[in-house]
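# Residue-level structural notes
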Amino acid sequence: MISITNQIEIRQLRYFVTLAEILHFRKAADALAISQSALSQQIHLLESIVGAKLLDRNNRNVYLNKSGELFLFEAKKILRQVEHSIYNWKLQNDGIKGILKIGFVASAMQKYLPPILKSYDKEYSKIKLQLEELTNIDQLKNIEEKTIDIGFMRSNKVHSNILLKPIFKEHFTLVLPKEHSINQSNFKNIGQLSEAPFILFPNDNSPLYYQKIITLCATHGFSPKIAHKSIHAPTIFRLVENNMGVSIIPNSLRDDFNYEVKYIELKNIPEKTELYAAWHKENDNPALKHLLNLI
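Presented here is an overview of the structure given in this document. Bear in mind that the values here come from a model prediction, so they are computed numbers and not experimental data.

### Quick notes on the overall build of the protein
If you tally the helices and strands in the protein, you get 11 helices and 12 strands. Whereas a compact globule of 295 residues would reach a radius of gyration of roughly 19 Å, the protein reaches 33 Å, over 25% beyond that. Taken over the C-alpha atoms alone, the protein extends approximately 105 × 40 × 30 Å along its principal axes. Burial analysis of the protein (295 residues in total) assigns 44% to the buried set. Pairs at least 24 residues apart make up 73% of the contacts formed inside the protein by residues separated by at least 6 positions. For the protein, the accessible area works out to roughly 16,400 Å², and carbon and sulfur atoms hold 51% of it. Distance from the positive charge centre (37 side chains) to the negative charge centre (30 side chains) of the protein: 5 Å.

Shown next as C-alpha cells:
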C-alpha cells in the first residue's frame with residue numbers, strides 16, 4: 001500500500017495553504033500564477049489523497065471545514081520545515097553553517113590562532129568551532145581518521161594524503177631560572193649552557209622541533225643533556241623555576257607573569273621554529289575552505 005506521504009506533493013500543500021488563506025479560487029490561482037482549473041484539479045487530488053474534504057464550496061464562497069483547519073496547521077508546519085531544511089542545507093553546502101573541528105599545539109593558541117579564530121567566528125557565526133589541544137602525533141592521527149578538519153602543529157613530516165602549509169615562523173626562546181647567572185646582558189650564545197640539564201618536548205611528539213634544538217646545540221659544540229621531558233609548557237616552566245634545568249621554547253609560548261623564570265629570545269640565530277596548518281586532501285567540509293582563506 002502506498003502511503004499518503006509518498007503521494008502528496010509540496011506544490012499541493014502550497015496551493016492549499018494559499019487557497020485557505022484567500023478563500024477564493026480565482027484570486028488564489030492568480031496569486032499562484034496558475035489557471036483556476038489547475039488549482040481546482042490539484043485541490044481535488046489532494047483531498048482524494050488524504051481521504052477527506054478540506055474545503056466546503058458553493059457558487060459564491062469557499063470555506064475551510066474542521067478537517068481543513070486541522071490540515072492547514074499541519075501543511076504550514078511542513079512547508080516551514082521544508083524551507084528551514086533547504087536553508088540549512090544551503091548554509092552548510094556554502095560553508096556558512098556547520099562544524100569545524102580544529103586541533104592545535106599549545107603554542108599556536110598563545111599568539112597566532114586567537115585573532116584568526118576571532119575573525120572567522122565574526123564572519124561565519126553560524127559555524128560552530130570545536131577546539132582540542134593535541135600533540136603533533138595525535139593531530140596527524142585525527143586528521144587521517146577525519147575526526148578533526150585541520151591541525152596546527154610544529155611538524156612537517158606528514159603522509160602524502162595530508163596537505164601542509166607553513167603559516168607562522170618565530171624565534172626560539174631560552175628559559176632560565178630567575179636567579180640564573182646568565183641574563184640578557186651577558187648572554188653570548190647557547191654554548192654557555194653546554195653543561196646545564198635541559199627540559200625539552202619529547203622527540204616522539206615533535207621530531208622537527210626537537211631536531212632543530214639538537215642542531216642548534218651542535219652548532220655550538222655540544223649535545224644537550226636532557227634531564228626531563230614534558231609536552232606541557234606550565235610543567236616546563238615549573239621545572240625551570242625550581243632549578244631542575246633550562247629549556248628552549250617557541251617565543252610565543254612564553255609566560256611573563258606566572259613563573260619565577262626569565263626569557264632570552266634567540267634572535268640572532270638561523271634556526272627558527274615554524275607552525276604548520278595540516279589537513280586531509282580529501283576533506284570536503286566547506287567550512288574548512290573559509291579558514292584556509294584566512295590563514
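### Considerations on the layout of surface pockets
By volume, the largest pocket is sized at about 280 Å³. Val-105, Ala-106, Thr-135, Phe-201 and Ile-231 are the residues nearest the centre of the largest pocket, which is lined by 17 residues in total. Across the lining of the largest pocket, the residue classes break down as nine nonpolar, six polar and two charged.

What counts, and where the lines are drawn
- Residues numbered from 1 in each chain as written.
- Predicted model: local features only at pLDDT ≥ 70, side-chain atom pairs only at ≥ 80, totals over all residues.
- Heavy atoms only, no water.
- Helix = DSSP H or I, 4+ residues; strand = E, 2+ residues; numbered from the N terminus.
- Rg over C-alpha atoms; globule rule 2.2 N^0.38 Å.
- Buried < 20%, exposed > 50% of the residue type's maximum accessible area, 1.4 Å probe, protein only.
- Contact = heavy atoms within 4.5 Å.
- Areas by Shrake-Rupley, 256 points an atom, 1.4 Å probe, with all protein chains shown as cover.
- Lys, Arg positive; Asp, Glu negative; His and termini not counted.
- Charge placed at Lys NZ, Arg CZ, Asp CG, Glu CD.
- 1 Å grid on protein atoms, 1.4 Å probe; cavity = no way out; pocket = protein on both sides within 12 Å on 5 of 7 lines; lining within 4 Å.
- Points joined across faces, edges and corners; volume = space filled by probe spheres on them.
- Nonpolar A, V, L, I, M, F, W, Y, C, P; charged D, E, K, R; others polar.

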